[in-house]
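Next come the chains, spelled out residue by residue.
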Amino acid sequence: MSRLGKTEKTIFTVAVIALLLFSYFLYDDSLLFPKNGNSQMDLIGSVATSQNDVRRKNLDTFSWLPANREDRIFDNDSIYTGERSEAQIRLQDGTIIRIAPNSLITLNMKNGQMMLDLRYGNLVGDINKGTALKIKSGEKEFNLDGSGKIEFKKSHSGNVDLRLLSGNLNYQDKKERKTLEKSQPVAVSQQGMKPLVKPVIELQTANNTVFVRENPDDPMAFAWRAQGNIARFEMEVSPTAAFEHVAVLKETAEGKSDVVEPLEPGPYFWRVKAYEKNGTVALSEVRQMTLAHLDAPVITAPVSDARFQMEVETDDPSKLSISTEVRWSAGPLLKAYHWQISRDEQFTAIVKEGNSVLQNILTPRLATGTYWVRVSGATVEKKNSTWSAAVPFTVQVTAKKEPIPERPELVAKDIKFRLPRPEERRPASEMAPKLEWKPVSQTRGYRVQVSKDMSFQAPQTYEVPSTATLWSQVEKGQHYYRVYAVSPKGQLSPPSDIGQITVDDMRPILTVPQLMEPFNNMSIFLQTQQEPFIWLEWKKVAGATGYTVEVSNTEDFSKILYTSTMQNNRFLIKSKIPLGKIYWRVRAEAQGDTPSDWAKQREFTVYHQKNETFVK
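Note that the structure is a prediction, hence the values are computed from the model and not measured. (Residues numbered from 1 in each chain as written. Predicted model: local features only at pLDDT ≥ 70, side-chain atom pairs only at ≥ 80, totals over all residues. Heavy atoms only, no water.)

> Explanation requested: the nonpolar core in the structure shown.
Note on soluble globular proteins: their nonpolar side chains tend to be buried together. One finds L144 and L162 to be the most contacted residues of the largest nonpolar core, which totals 33 residues. Looking at this core, the element that brings in the most residues is strand β9 (residues 113–137), giving seven residues. If we skip the residues at most four places from it in the chain, L162 touches F142, L144, I150, E151, F152, Y171, P185, V186 and V188. In this structure, I524, V549, Y562 and W584 belong to the second largest nonpolar core, which totals 24 residues. (Core = buried A, V, L, I, M, F, W, Y, C linked by side-chain atoms within 4.5 Å. Buried < 20%, exposed > 50% of the residue type's maximum accessible area, 1.4 Å probe, protein only. Helix = DSSP H or I, 4+ residues; strand = E, 2+ residues; numbered from the N terminus. Contact = heavy atoms within 4.5 Å.)

Below, the structure written as structure tokens:
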């Protein structure tokens, strides 16, 4: 770019100076339109106080000038107060006009009477006794006279609301004259003056309402009713009762609003503001409400991937199943629950489902396999939560193996038995070998095997309910036996030790022994009576295991001198015996058999030698 020439520089400088001058004139046009020192304007008052942004402008000028304390106010001057700004105007008659923030008024004299043209905003006027104040609002004009303090409020709708704060003031327009009442504000419009009815708001949504959201943006419905010429409502939701922070602000022309904004669960406060068309604002009471999120239940048992293993006492495969408990926790809003058990995680193969008002259930009987369980909840108002996280678990059921019984212990391992003779077969006698063993717990009975060989190749088998039995099919010879304990389900214990059974043939009838010595009627001479040493002898009897000898000095054996049982067939008398006739007899005996008859008795005579003379 080429440098500016001398001519261009001159033109640019003049343009900048002209722009600055025009800008100043826009701000202060007093140089363009001089007021001749205000000598031609009527003084109507002065600025008593000025705070922040307070400006004034005359009807004949374009710019606004700052209104400072003690500045004079002339006829047709306008006063403006900005945000958070106030001013007080002292009129010539002593009336004080207090101008609230965001207000605009024009002061002029009409027919020698002060007139306030209230464009918008709020004023407070102190009217002295004996003075009158004319008020203009649009095309409507009215007078106030008396002594007192009054508040003016004008909205952008054009109406002026009057509220008597103190004293006694009268209202008068072309149609009527009325005395203002302190307890009743009035509204002044083109139609005249009428009592001001402040909007009344009645909240219809109950206090302490609990809103339950299934989703974060579920609508919460609020409703209210209002009386008055309402232009709009503002509904506020705040986490604090003082509304320092407004979480939700809804504007509506209707007496209801749905809040869909996402909020954290917890307590909240809400209220409604009603804005009348004349600018009046009414505030409702503050009510409380609670927001709760409908969280899904949380399954606490079984834990994820839990395994349930159990042995069941059954022989029926269809009965190999068990039940297990499912427990969960949930929020206080959930009062009823629906549960499902499925064989797949997508719950397309549901095994069982049901309802419960408790936070636990006992599942139906489940066979071996992997399952998934989930739970949802419902409120009293039938609002349903989402499903809980699906929890997998595994069931493994097997038939319980019965414990093997202990091996029995034989009472007798070596049994000897002789076949009885026909005449010995009496009910009281044992007709067969008795096999016996000690009891074993948790059994239903015993199995007895008898075999001719110790390997039990072809045994005789008997089922016995008790701990003893008779071998009824007894056979002569050598046999072996063993015992098993049988469990309730038929399992066999290890076998007992092997016992031995020896069966002898029936024994012959014992015959009467044949006496040998001393001969019958024999005389025996003794040297001494103390140790006679007399031998009694007889022949052995087949089958006998012993003999019984009786010695008596009476023929009928009513008085027994000696008796003895022995295995040998001889008996020695070596104790003192009386002199004279001695009788003796013998019988054969066998274990478990009937003794033989007594042998026919014999006798012998005992003599004793004394002084070489034998004395009978």
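There's more to say after this.
> Sorry if this is basic, but what is going on with the packing of aromatic side chains here?
For any pair of aromatic rings, geometry is given as the distance between the ring centres together with the angle between the planes. The tally for this structure, following the rule as stated, stands at eleven aromatic pairs. Judged by centre distance (4.9 Å) and plane angle (20°), the ring pair of F525 and Y607 falls under stacked. Within this pair, whereas F525 is found in strand β42 (residues 522–526), its partner Y607 is found in strand β48 (residues 602–610), the two being separated by 82 residues in sequence. Since its relative accessible area comes to 49%, F525 is described here as partly exposed. Classification of Y607 as buried rests on a relative accessible area of 16%. Members of the aromatic cluster, connected to one another through ring pairs, are F211, F222 and W270. One Lys or Arg, R271, reaches over the ring of F243 and ends 4.0 Å from the middle of that ring. In this structure, R585 is placed above the aromatic ring of F557, and the distance from its NZ or CZ to the ring centre is 4.2 Å. (Phe/Tyr/Trp six-rings, centres within 6.5 Å; stacked < 30°, edge-to-face > 60°. Lys NZ or Arg CZ within 6 Å of the ring centre and 35° of its normal.)

> So what exactly am I meant to see when it comes to the side chain of T605 here?
Looking at the secondary structure, you find T605 in strand β48. The residues touching T605, leaving out its near neighbours within four places in the chain, are M522, S523, I524, G580 and K581.

So, to be careful, I would describe these as geometric facts and stop short of saying anything about function.
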